[in-house]
Amino acid sequence: MKIANIKDLSLKVSQFIDGFRSVFKRNDRVHWCKTYIYGLILDGERKSIGAMASRISNANEQSLQQFVNQSQWSFHELIISLNKYMINRLKMNEFIFSLDDTSLPKKGDESVGVSRQYCGVQGKISNCQVIVTLHAISNKIHFPVTARLYLPDGWIKNSKKLDKVKVPLEERNFKEKWRIALDLIDESIQLFKIKSLVFDAAYGCNRNFLNELDKRKINFVGHIRNNEKFWSKNIPIKSVVPRKRNLQTKLRDYDNPVDNRYKPRSALRIAEELFSKGSNIKIIQIRRKNENIKVEYVATRVMECISRPWQKVGKERWLLVEKRKDGVLKYYISNYSKTYPKDEIIELMHKRWKIEQGYQILKEELGLDHYEGRSWLGLHHHIALCFLAYYFINEFDKKKLEISFSAVRRYINRIFQTIFCPFCDNTFPCFPKLILNTS
């Protein structure tokens, strides 16, 4: 490695972050942002502020703490700027969006939003924070779009704890995860066109959420559980004439089956019947990671079964059931029209794995779950800065280098760490000092 490699790469970091100078407004904030991004990109077991400061020459821990936890720059504005940057860079704004939430395990109960709740990382109920996120997916790239912390009801009811971690007043009303997801979607559609939205069963089994997507005319494909019930598309129904109601009435009018002898069936029962017939089974090849996988599935048109009022007939949907190699069945629901190709619906659902890859990169490579502060602002600043580091690494031409995201980060580390500084005879950690002080 030559000294020119280090200077060139350091200049790239500096120029990239300078592109978001309008968000930070002050030179000292830009300076500490660059230091923080170096810390996130460089190797290290922990990406907490203290640990990063100890690895980078001239990195003042107290200044980094102030920049992340107290400095009044807008994480929301940074995320919007990153989104605009990616749209301009890719010359497109239409993507498949993947919705999910991810857990950040925590000890104690003082950090904002920490509660005993389901932790996906550990697969059990434990202390953790949960953030709801949206990722954009195309054939060539995928990247995080936005995120927001979920505050459990116990936190909302405890004003002292909210004050202590400085939760903004506008965030102190309880919102279920699906309502947070809708907020994120509404913010994102100001910039992006959502070609399709894919999500897991926590959202796919929430009929209120699906209805809100219908209102926004967003096409979706979502996982559901096998005990979700549906009416057959072919059952005769009688339409209900809408009744007049006053403003206090919350009742809705639903269609009814003509005959009470008709019963809704679970997704599992419907799948068993379709696979037993054999005539409706389709097999397609889907490219996933670096291999083609064979996918066997069945699809049928169904109508939702509204549980309240009891077993009424709801909206018409696609029900798709995929059989994996090990015989496990996966169930999906979609609001695509009856003429939309079913193969493409299945392919859309298989793109959802990229959000898992995105989480893995953000956590294992960039320390998304390493933040040790307690405040609302600090956590969201850390999330936005992890996104910034993610976008920077995506600047590298991976096809030209023929390496993955993780390999690009290791490549950056190798450039900095395999050469001695001609000024002080140390390896890389002195270099941010040289570069950052020139800004």
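Residues numbered from 1 in each chain as written. Predicted model: local features only at pLDDT ≥ 70, side-chain atom pairs only at ≥ 80, totals over all residues. Heavy atoms only, no water.

An unreviewed UniProt entry lists the protein under the name IS701 family transposase, with Fluviispira sanaruensis given as the organism.

**Student:** Account for the overall build of the protein, naming residues and giving values.
**Tutor:** Along its length, the protein carries 18 helices and 14 strands. By residue count, 50% of the 439 residues in the protein fall in the buried class. Taking the contacts inside the protein whose residues are at least 6 apart along the sequence as the reference set, 64% of them involve residues at least 24 apart. Total accessible area computed for the protein in this model is approximately 22,100 Å², and 47% of it derives from carbon and sulfur atoms. (Helix = DSSP H or I, 4+ residues; strand = E, 2+ residues; numbered from the N terminus. Buried < 20%, exposed > 50% of the residue type's maximum accessible area, 1.4 Å probe, protein only. Contact = heavy atoms within 4.5 Å. Areas by Shrake-Rupley, 256 points an atom, 1.4 Å probe, with all protein chains shown as cover.)

**Student:** Describe in detail the pattern of salt bridges, supporting the description with residues and values.
**Tutor:** For the coordinates displayed, the defined rule picks out 25 salt bridges. Between Asp18 and Arg21 there is a salt bridge, with its nearest N and O atoms 2.8 Å apart. The class of Asp18 is partly exposed, set by a relative accessible area of 29%. Among the salt bridges present, the one from Asp186 reaches Arg216, with a minimum N-O distance of 2.7 Å. You can see Asp186 sitting in helix H9 (residues 177-188) and its partner Arg216 sitting in the loop between helix H11 (207-215) and strand E6 (220-224), a full 30 residues away along the chain. Of the residues examined, Asp186 reaches a relative accessible area of 26% and is grouped as partly exposed. Residue classification places Arg216 among the partly exposed positions, given a relative accessible area of 26%. (Salt bridge = Lys/Arg side-chain N within 4 Å of Asp/Glu carboxyl O.)

**Student:** Explain the packing of aromatic side chains residue by residue, including any values.
**Tutor:** A full pass over the atoms with the stated rule returns 16 aromatic pairs. On the numbers, 5.4 Å between centres and 70 degrees between planes, the contact of Phe16 with Phe20 is edge-to-face. The exposure classification of Phe16 matches that of Phe20, with both residues buried. Centroid distance Phe24 to Phe67: 6.0 Å. Interplanar angle 40 degrees. Geometry classified as tilted. Remark: Phe67 occurs in helix H5 (residues 61-69) and Phe24 occurs in helix H2 (residues 21-24); sequence separation between them is 43 residues. For Phe67, a relative accessible area of 1% translates into the label buried. Members of the aromatic cluster, each reached through a chain of ring pairs, are Phe95, Phe97, Phe143, Phe192 and Tyr391. The ring of Trp318 has Arg301 lying over it, and the distance from NZ or CZ to the ring centre is 5.0 Å. The lysine or arginine in question, Lys363, covers the ring of Tyr359, its NZ or CZ lying 6.0 Å from the ring centre. (Phe/Tyr/Trp six-rings, centres within 6.5 Å; stacked < 30°, edge-to-face > 60°. Lys NZ or Arg CZ within 6 Å of the ring centre and 35° of its normal.)

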